[in-house]
Amino acid sequence: GTAMSEIEKLRFLTPELAFKVSEKVGTPAFAYSADYFKKQANEALQFPNAYGLTVRFAMKACPNAAILKLFNSMGLHFDCSSVFEVKRAMAAGAKPEQCSLSSQELGVGFEELVTLGVKINCCSILQLEKFVAKCPGKELGLRFNPGLGSGGTGKTNVGGPSSSFGIWHEFADKCKEIAEKGGCKVVRVHTHIGSGSDPAVWRHTSGISIALCEKFPDVATLNLGGGYKVGRMSNEKGTTLSTDCAVVKEVFEEFAAKDGRKLHLEIEPGTYLVANAGCLVSEVHDIVKTGTDQGKTFIKLDSGMTDVLRPSLYGAQHPLVIVPKDAARADQREKYVVCGHCCESGDLMTPAPGDPETLSERELCKAEPGDLCVIEGSGAYCSSMSTKNYNSFPEAPEVMIVNGEVHVIRNRQPPAEIWQHEVPLPAGVL
């Protein structure tokens, strides 16, 4: 077909730049836009607040040192999800006091980080007991589950009775008791209600969160976490911080009028800062057809769940853009199922929305082997959350586009590094 129908377009690359990336580091490769990082960070720094704001980058989304350094230079702090992320942030130049740790697993050696000045939010009663035992007299934060969330999917919703994140809100009094016994001051309350952009939900959840601060007279900071939705596909609507979250400022002002405390606000955007600032530049490796009435045309890429796992995991929708070698094909269209390179039936780039089990077709520019396929919306939870090294594929390189130039910020992994830590059995043991 040659009818020009609406298909997804490149976000920040041009066809020339996409080929430039592939010439410089090969495919697959992650490409990031410095301009887009800056734009999103500046928007986050304008988040509606009454008495001061700290923006923490949820670094698990995309922890490359070049990106951490860029955000650090703009005054962002860091939200770390493990003691290892704290060490990684510090290795990239973050000061300990810029790092906050909220983790499912309060790792070995956390007390040394507290001594350095890292802020820790205890995310369970056991974590609080461990903290009080190892860091008597020190200040801490508590992460609560406020009993409500509004995530995009069951897997991304991190508040409510079905979520293990944080201390159930009804155990606040018990926490107060444990902290007081250890002479520890609770100075921060942290909640995270998952991805959403409904102002009414924002008012409700920030209201529940701020009410938790009433029980703790030393709390000076309320951290509302992240979960600011972005539209990856062109038909998806994201959160507009300045309007959707304006109610947050009012909630803080109402609390100050009632309680006298002017709480400092912290937010922890990850997806919001980086999702649309990154893409995966991949190559069309093969095109195969199946021959029945239900037959489909499949594009096989030289990348897949080894780089972008979200479609296979959640049925997430990522824009796919074919960049043809021959520009004359640019207005031809065909329907494809797009799959990854792993010998794994679930390695699929075009699942049905929210249903990783079901194949879905996408209308794309007519493709040929050797064309590029750019997977957009791949800046968050892609390079950092993949099945890298499955089928022994090496980890993909990363580049940052600055003023139209392609800068390598991570090299492709040499294949021998995949098995470098393996140890042979002693001779004769078998």
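Up top is the structure these notes are about.
Residues numbered from 1 in each chain as written. Predicted model: local features only at pLDDT ≥ 70, side-chain atom pairs only at ≥ 80, totals over all residues. Heavy atoms only, no water.

Caption draft 1: Region of interest: empty space enclosed by the protein. Applying the stated criterion across every chain, the model contains one cavity of 30 Å³ or more. By volume, the largest cavity is sized at about 40 Å³. The class makeup of the residues in the lining of the largest cavity is three nonpolar, three polar and four charged. (1 Å grid on protein atoms, 1.4 Å probe; cavity = no way out; pocket = protein on both sides within 12 Å on 5 of 7 lines; lining within 4 Å. Points joined across faces, edges and corners; volume = space filled by probe spheres on them. Nonpolar A, V, L, I, M, F, W, Y, C, P; charged D, E, K, R; others polar.)

Caption draft 2: Representation of unusual backbone geometry in the model. The peptide bond linking T27 to P28 adopts the cis configuration, its omega dihedral lying at -5 degrees. Along the chain, P28 falls in the loop between α1 (15-25) and β1 (29-33). We note that N389 has phi near 80 degrees; this positive angle belongs to a residue other than glycine. Counting through the fold element by element, N389 comes out in the loop between β18 (372-375) and β19 (398-402). Residue N391 is not a glycine yet carries a positive backbone phi of 60 degrees. Judged by its relative accessible area of 32%, N391 falls in the partly exposed class. (Helix = DSSP H or I, 4+ residues; strand = E, 2+ residues; numbered from the N terminus. Buried < 20%, exposed > 50% of the residue type's maximum accessible area, 1.4 Å probe, protein only.)

Caption draft 3: Layout of the packing of helix α2 (residues 34-45) against helix α3 (residues 65-73). Viewed as axis vectors pointing N to C, α2 and α3 meet at an angle of 40 degrees, and their least axial separation amounts to 11 Å. By the angle between their axes, α2 is oblique relative to α3. Our pair here, α2 against α3, has a crossing hand that is right-handed. Touching A34, F37, K38 and A41 of α2 are I67, L70 and F71, all from α3. For the contact of α2 with α3, the class distribution of residues is six nonpolar, no polar and one charged. (Axes fitted to C-alpha atoms, helices over the stretch in contact; angles between N-to-C directions. Parallel < 35°, antiparallel > 145°, perpendicular 65-115°, else oblique. Left-handed = near helix turned anticlockwise from the far one by under 90°. Contact = heavy atoms within 4.5 Å.)

Everything listed here is a matter of coordinates, which is why it stays silent on function.
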